[in-house]
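Each chain, letter by letter, is given below.
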Amino acid sequence: MAQRSPAVEELERLCQDSTYSAQSYFEAAKAATFWGRTAVFLPALVAAVAGLVAALYSARLGGTVSAVAGAVAATASFMGSDGKPELYRESARRYTNLRHTARLEVAMAGTKTEQELEAILRGLHERRAAIVLDDEPVSNWLYARAARRIAAGVTAYAPGLARRDDASAG
């Protein structure tokens, strides 16, 4: 049995690390989008219900609650999200790109010398360091959610699935 190259083993670790990082940032983007929408929707819903109560029952409290909830919803809508969902998605895409590049290099390792593999590995680690430098860290519970989804196979490559551009050819 041939011994595996240390550079190939490190490329595989980089690929796995990139998989978990990408999925964590995709989970962060989904969570930020959900909470950003919820911050607008819930106060608007409360305002609508309270306004209906005030209109149907001439309840002053309903009018007051409606006005306050409406102001909260308007403020949340005006402030909008701070762009975090898109920043998280961009980080996830960058990690995904790194993952695909590392997978390609693992697949092509047999055609390269150890020195070439080391140079490639160093370049990929520099790319990863640049991504990490730009990223805002995500919460541990998002990493745990990503780990569960990865274990369930969300990032697995399924053989036999047609690529989008090949779907119309067959």
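The sections below set out a description of the structure shown in this document. Going along each chain's sequence as written, the residues are numbered from 1 onward. Local features in this predicted model are restricted to residues whose pLDDT is 70 or higher, and side-chain atom pairs enter the listing and the counts only when it is 80 or higher, whereas totals over whole chains, interfaces and linings include all residues. As a rule here, side-chain values cover all heavy atoms of the structure and leave hydrogens and water aside.

1. Points about the packing of helix H3 (residues 84-107) against helix H4 (residues 114-134)
1) Next: Contact geometry for H3 and H4: axes closest at 11 Å, N-to-C directions at 170°. Taken together, H3 and H4 sit at an angle that is classed as roughly antiparallel. Within the contact between the two elements, H3 uses Arg-94, Tyr-95, Asn-97, Leu-98, Thr-101, Ala-102 and Glu-105 and H4 uses Leu-117, Ile-120, Leu-124, Arg-127, Arg-128, Ala-130, Ile-131, Val-132 and Asp-134.
2) Next: Under this grouping Gly is polar, as are all residues other than the nonpolar Ala, Val, Leu, Ile, Met, Phe, Trp, Tyr, Cys and Pro and the charged Asp, Glu, Lys and Arg. For the contact of H3 with H4, the per-class residue count stands at 9 nonpolar, 2 polar and 5 charged. Axes here refer to lines fitted to C-alpha atoms; in helices the fit is confined to the stretch in contact. Angles between the N-to-C directions go from 0 to 180 degrees. A run of H or I in DSSP counts as a helix once it spans at least four residues, and a run of E counts as a strand once it spans at least two, with each numbered from the N terminus. Any angle from 65 to 115 degrees is called roughly perpendicular, while one under 35 is roughly parallel, one over 145 is roughly antiparallel, and all others are oblique. Whether two residues are in contact is decided by their heavy atoms: any pair within 4.5 Å suffices.

2. Some words on helix H1 (residues 6-57)
1) Next: Each helix should span, by expectation, one fewer than its residue count multiplied by 1.5 Å. Helix length check: H1 (52 residues) gives 75 Å between terminal C-alpha atoms against 76 Å at 1.5 Å per residue, within 8%.
2) Next: Note on bend: the value at a residue is the angle between axes fitted to the seven residues ending there and to the seven starting there. Within H1, the axis deviates most sharply at Thr-38, by approximately 30°.
3) Next: By the criterion applied in these results, polar contacts are pairs of N or O atoms within 3.5 Å in which, for protein atoms, one can donate a hydrogen and the other can accept it, and in which residues neighboring in sequence qualify only through two side-chain atoms. Between the side-chain oxygen at the start of H1 and the backbone nitrogen of Ala-7 there is a gap of 3.1 Å, and the oxygen is on Ser-5.
4) Next: Directly beyond the C-terminal end of H1, a positive phi value near 50° is found at Ser-58.

Function cannot be inferred from these measures alone, as they are strictly geometric.
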